[in-house]
Number of protein chains: 2
Amino acid sequence: MARISVAQRRELLFAAAVRVLARDGLSALSTRAIVAEAEMSLASFHYAYASREELLGDIVASVVGGEREAGLAGVLGEAATPEEAVRRALATYLDLVRADPGREQGMFELTQHALRTPALARLASEQYQRYHEVAAELLDHLATRFDRRWDSPTADLARLVVALTDGLTLSWLADRDDAAAERLAALAAEAVLTHLEEA
Amino acid sequence: MARISVAQRRELLFAAAVRVLARDGLSALSTRAIVAEAEMSLASFHYAYASREELLGDIVASVVGGEREAGLAGVLGEAATPEEAVRRALATYLDLVRADPGREQGMFELTQHALRTPALARLASEQYQRYHEVAAELLDHLATRFDRRWDSPTADLARLVVALTDGLTLSWLADRDDAAAERLAALAAEAVLTHLEEA
DNA sequence: GTCTATAATGAGATAGAC
DNA sequence: GTCTATCTCATTATAGAC
């Protein structure tokens, strides 16, 4: 194998691990499965990462970045009304889940694992804190853009949004009922919009 | 060890497995951990159960029974108004989660595992179908008892209720913020009650 | 029916040759 | 820096004595 830097090797292993996690689940995310996916030798893994746990920490931490969730802001920009914005944001989120179910499931598995692992528990909390922050920013942005206001603290409503998206995700993952999930997304949008009032 | 029937041995192993799952998580739910908890020999496990996977199936199936969720119906009976009933049901649910967080987390871990395991995937779907049924029954019961009606099919609203309880659970498990979870439970109750109208 | 002992497998991690 | 070979441990499952 060519001589590549530790940093790049970590990136390759990280990307391979994310693919394995999405495809086969956390229980199949062994160091051997990861190096097979990255087409490396087992020893190369431990040259780049001290342990499997360290790489798992990296993946959880990457979720904290939350670029993907923040990407939903783009959807808001295109809407003509706040009602349409919220509905489309949730519909788009559902599309994201359906496009890559394994990824979402892998994230859940990883969060559950992190909550059980003392060394990673803090990361799991930060992950949800980040979710809440992103959701709150979206809500604030929406109110500003359409000159409206929320009848409750956006921090609280953000928690509602995250709970609804989590619930929506688990619901669809469990039975893959597209029509039911779309109706649920509509009800979820309505639940949020109830709290939007004139400025 | 005394000679006990296979049926009873299965019950003892089952109960021990549930305790280990709640306390240490799914990844620690090895046959060895189970027999240690049940104070049996390893071979006794395989005398009662053909495999570890078979016992996991039993646990998932037991959730489908859903006695605990159905138990929330009792809360509804004591309320004076439908608003109070929904609020108290969600608050009681949250209390249940807080009283035994490991149990809830174990259930999530098990559901995720079932969804990844072809032999158990059907059970996971049935588990959520059962959740939806129980929630729909509660909603119907509530409307009848207070002579009101729901503005959407109770099947759809039931899905909303389950999504909200799942989201509420994950939210509290992630950061254990009691005050925030109570505010979320109140918002969740409101989201459901929005759909209640006069008969 | 119940046990001890062991097989068979797969895991994370490392030593040491190159 | 990278590899092969190996160590050590934990796992599920079973064979066979009692």
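Keep in mind the model is a prediction, meaning the values are calculated, not measured.

The rules behind each value
- Along every chain, residues carry numbers that run from 1 in the direction the sequence is written.
- Here chains are named by letter from A upward and ligands by number from 1 upward, in the order in which they appear as written.
- Local features in this predicted model are restricted to residues of pLDDT 70 or higher, and side-chain atom pairs are both shown and tallied only at a pLDDT of 80 or more, whereas totals for entire chains, interfaces and linings draw on every residue.
- Side-chain descriptors were evaluated using all non-hydrogen atoms of the structure, hydrogens and water having been removed beforehand.
- Whether two residues are in contact is decided by their heavy atoms, any of which lying within 4.5 Å being enough.
- As used here, buried area is the combined drop in accessible area, with a 1.4 Å probe, of two parts when they are placed together.
- A pairing counts as a salt bridge when a side-chain nitrogen of Lys or Arg comes within 4 Å of a carboxyl oxygen of Asp or Glu.
- Polar contact is the term for a pair of N or O atoms within 3.5 Å; when the atoms are in protein, one must be able to donate a hydrogen and the other to accept it, and sequence-neighboring residues count only if both atoms are side-chain atoms.
- Secondary structure follows DSSP: runs of H or I at least 4 residues long count as helices, runs of E at least 2 residues long count as strands, and numbering of each begins at the N terminus.
- Asp, Glu, Lys and Arg are counted as charged, while Ala, Val, Leu, Ile, Met, Phe, Trp, Tyr, Cys and Pro are counted as nonpolar; the rest, among them Gly, fall into the polar class.
- Only protein chains enter the calculation, and the probe is 1.4 Å; a residue is then buried if its accessible area is under 20% of its type maximum, exposed if over 50%, and partly exposed in between.
- This arc is taken over the directions from the axis of the helix to the C-beta atoms.
- As a rule, the C-alpha atoms of each element are fitted with a line to give its axis, helices using only the stretch in contact, and angles between N-to-C directions run from 0 to 180 degrees.
- Two helices crossing with the near one rotated counterclockwise from the far one by less than a right angle form a left-handed crossing, whereas a clockwise rotation gives a right-handed crossing.
- Here the copies are superposed with least squares, the fitted atoms being C-alpha atoms of residues at a pLDDT of at least 70 in both.
- What a helix should span is 1.5 Å times the count of its residues minus one.
- Residue ranges assigned to the domains are those given by an automatic or database domain assignment.

**Focus on the interface of chain B and chain A**
It is common to give the size of an interface as the accessible area that goes away when the parts come together. The partner chain A presents 40 residues to the 40 residues of chain B that form the contact. If you sort the residues of chain B by the area they bury against chain A, Gln112(B), Arg116(B) and Arg159(B) come out on top, with a joint share of 22%. The interface formed by chain B and chain A contains six salt bridges. Ionic pairing is found between Arg159(A) and Asp175(B), a salt bridge with its closest N-O pair at 2.8 Å. Seen at the junction of chain B and chain A, the total is 18 residue pairs in polar contact (both at pLDDT 80 or more). Elements supplying a minimum of two residues to the side of chain B that touches chain A: helix H1 (6-24), helix H8 (101-116), helix H9 (118-145), helix H10 (154-175) and helix H11 (178-193) of chain B. Here the side of chain B that touches chain A takes 14 residues from H10(B), the largest share from any one element. In the side of chain B that touches chain A, the residues fall into 17 nonpolar, twelve polar and eleven charged.

**Considerations on helix H2 (residues 31-38) of chain A**
All names here are of chain A. Turning to H2, its buried residues number three or more, namely Thr31, Ile34, Val35 and Ala38. Projection of H2 onto a plane perpendicular to its axis shows the buried side chains occupying an angular sector of 90°, all on one side. Residues of H2 that are exposed and angled more than 90 degrees away from the buried face: Arg32 and Ala36. Check the buried side of H2 and you find it contacts helix H1 (6-24), helix H3 (42-48) and helix H4 (52-65). Directly after H2, the chain includes Glu39, whose backbone phi takes a positive value near 55°.

**A few points about unusual backbone geometry**
You will see that Glu39(A), though not glycine, has its phi angle at about 55°, which is positive. Among the structural elements, Glu39(A) can be located in the loop between H2 and H3. With a relative accessible area of 62%, Glu39(A) lands in the exposed category. Unusually for a residue other than glycine, Asp147(B) sits at a positive phi of about 55°. Along the chain, Asp147(B) falls in the loop between H9 and strand S1 (148-150). You can call Asp147(B) exposed: its relative accessible area is 57%.

**Details of the environment of Ala43(A)**
All names here are of chain A. Note that Ala43 resides in helix H3. Given the relative accessible area of 57%, Ala43 is considered exposed. Through-space distance from the C-alpha of Ala43 to that of Asp151 is 57 Å; in sequence the pair is 108 residues apart.

**A closer look at the packing of helix H7 (residues 82-99) of chain B against H11(B)**
Residues and elements named next belong to chain B. Across the interface, H7 lies against H11 with an axial gap of 9 Å and an inter-helix angle of 145°. The crossing of H7 and H11 is right-handed. Contacts between H7 and H11 involve Pro82, Glu83, Val86, Arg87, Leu90, Leu94 and Arg98 from the former and Asp178, Ala181, Glu182, Ala185, Ala188, Ala189, Val192 and Leu193 from the latter. Class assignment of the residues belonging to the contact of H7 with H11 gives a composition of ten nonpolar, no polar and five charged.

**Some thoughts on the relation of the copies chain B and chain A**
Taken together, a rotation about one axis and a shift along it account for how the two chain copies relate. For the match of chain B to chain A, the screw axis carries a shift of 0.0 Å, the RMSD comes to 0.0 Å, and the turn is 180°. Both chain copies can therefore be described as sitting about a two-fold axis. Counting the interface residues of chain B, we find that 100% of their copies in chain A are interface residues as well, pointing to one common contact surface.

**Concerning the side chain of His132(B)**
Checked against the element boundaries, His132(B) lands in helix H9. With near-sequence residues (within four places) excluded, His132(B) lies in contact with Ser171(A), Asp175(A), Ala158(B), Arg159(B) and Val162(B).

**Concerning the side chain of Asp156(A)**
Take Asp156(A): it is sitting in helix H10 (residues 154-175). Each residue touching Asp156(A), except ones within four places of it in the same chain, is listed here: Arg183(B) and Leu187(B).

**Considerations on helix H9 (residues 118-145) of chain A**
With 28 residues, H9(A) should reach 40 Å at 1.5 Å per residue; the first-to-last C-alpha distance of 42 Å fits that figure. In the stretch just after H9(A), Asp147(A) is the one whose phi turns positive, near 55°.

**So, the environment of Leu160(B)**
Inspection of the secondary structure assignment puts Leu160(B) in helix H10. Taking the relative accessible area as the measure of exposure, Leu160(B) reaches 0% and is therefore buried. Along the sequence, Leu160(B) and Ala43(B) sit 117 residues apart, while their C-alpha atoms lie 45 Å from each other. Not counting the four nearest positions on each side in its chain, Leu160(B) is found in contact with Leu164(A), Leu184(A), Leu187(A) and Ala191(B).

**Some details on the domain arrangement of chain A**
Residue and element names in this part refer to chain A. Under the domain assignment, chain A is made up of domain 1 (6-50) and domain 2 (63-198). One C-alpha centre belongs to domain 1, the other to domain 2; they are set 29 Å apart. On the domain 2 side, the residues contacting the four residues of domain 1 number seven residues. In total, domain 1 and domain 2 occlude about 460 Å² of area from one another, counting both sides; carbon and sulfur atoms represent 75% of this. The tally of links from domain 1 across to domain 2 stands at one residue pair in polar contact (both at pLDDT 80 or more). Of the residues belonging to the side of domain 1 that touches domain 2, the class tally is three nonpolar, one polar and no charged.

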